[in-house]
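Architecture at a glance
Here is what each chain is made of, one letter per residue.
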Amino acid sequence: MMIPNSLFNTLLDIRITLEGYSTETAGVIQSGLFLGMLLGALFEVKVVVVVGHIRAYAAFASILSVTALLHVLMIEPILWTALRMLSGFFWPACRW
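Predicted model only: the values in this text are computed from it and were never measured. (Residues numbered from 1 in each chain as written. Predicted model: local features only at pLDDT ≥ 70, side-chain atom pairs only at ≥ 80, totals over all residues. Heavy atoms only, no water.)

1. Looking at the overall build of the protein chain
If you tally the helices and strands in the protein chain, you get four helices and zero strands. For 96 residues, the compact-globule formula gives about 12 Å, and the C-alpha radius of gyration of the protein chain, at 14 Å, lands near that figure. With respect to the three principal axes, the spread of C-alpha positions in the protein chain is 45 × 20 × 20 Å. Per-residue burial over the protein chain gives 34% buried out of 96 residues. Of all intrachain contacts in the protein chain linking residues separated by at least 6 positions in sequence, the fraction that spans at least 24 positions is 78%. (Helix = DSSP H or I, 4+ residues; strand = E, 2+ residues; numbered from the N terminus. Rg over C-alpha atoms; globule rule 2.2 N^0.38 Å. Buried < 20%, exposed > 50% of the residue type's maximum accessible area, 1.4 Å probe, protein only. Contact = heavy atoms within 4.5 Å.)

Quick look at the structure:
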């Protein structure tokens, strides 16, 4: 999971540069991942307890793959930040 995530981070940085956004905007977008990881660490356990680990993993992995695909469809820094937060939220659960 670390290799694809690292490659995606690099690809997103290149895409942000190609779109002409500033370095500060790139930093905000990429920091959304870590904010999402913090929130995921706090709240994912409750989801797993309620629905079970198999269903939670399936849902988290599905949402994680959709968030990666949505970066291509919509080019907007605020949306990309929200997608990175979602990716960060669901990513720790998919490392099991």
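2. Brief notes about the side chain of S87
Within the secondary structure, S87 sits in helix α4 (residues 77-90). Residue S87 is classed as buried on the basis of its relative accessible area of 6%. Residue contacts for S87: discarding those within four places in its chain leaves L33, L64 and T67.

3. Things to note about the confidence of the model for the protein chain
Confidence in the prediction of the protein chain, expressed as mean pLDDT, is 88, and 95% of residues score 70 or more. Per-element confidence in the protein chain is highest for α4, whose mean pLDDT is 93, and lowest for helix α1 (residues 2-19), whose mean pLDDT is 87. (pLDDT = per-residue confidence, 0-100.)

4. As for the packing of aromatic side chains
Tallying each qualifying case throughout the model produces three aromatic pairs. Each ring, one from F60 and one from F90, has its centre 5.0 Å from the other, and the planes form 40 degrees; the classification is tilted. On the criterion of sequence distance, the pair formed by F60 in helix α3 (residues 53-73) and F90 in helix α4 is long-range, its members being 30 residues apart. For F60, a relative accessible area of 4% puts it in the buried group. Measuring from centroid to centroid gives 5.0 Å for F89 and F90, while their planes differ by 85 degrees, and the two rings are edge-to-face. The exposure class of F90 is buried, given its relative accessible area of 9%. What links up through ring pairs into an aromatic cluster is the set F60, F89 and F90. (Phe/Tyr/Trp six-rings, centres within 6.5 Å; stacked < 30°, edge-to-face > 60°.)

5. Some remarks on the pattern of salt bridges
Enumeration according to the criterion identifies one salt bridge in this entry. Among the salt bridges present, the one from R15 reaches E19, with a minimum N-O distance of 3.0 Å. One end of the pair is R15 and the other is E19, both in helix α1 and four residues apart, which spans about a single turn. You can call R15 partly exposed: its relative accessible area is 25%. (Salt bridge = Lys/Arg side-chain N within 4 Å of Asp/Glu carboxyl O.)

6. Quick look at the environment of N9
Mapped onto the fold, N9 is located in helix α1. Residues N9 and A82 lie 73 residues apart in sequence; the distance between their C-alpha atoms is 15 Å. Once you skip the residues sitting within four places of it in the chain, N9 turns out to touch Q30, L33 and R84.

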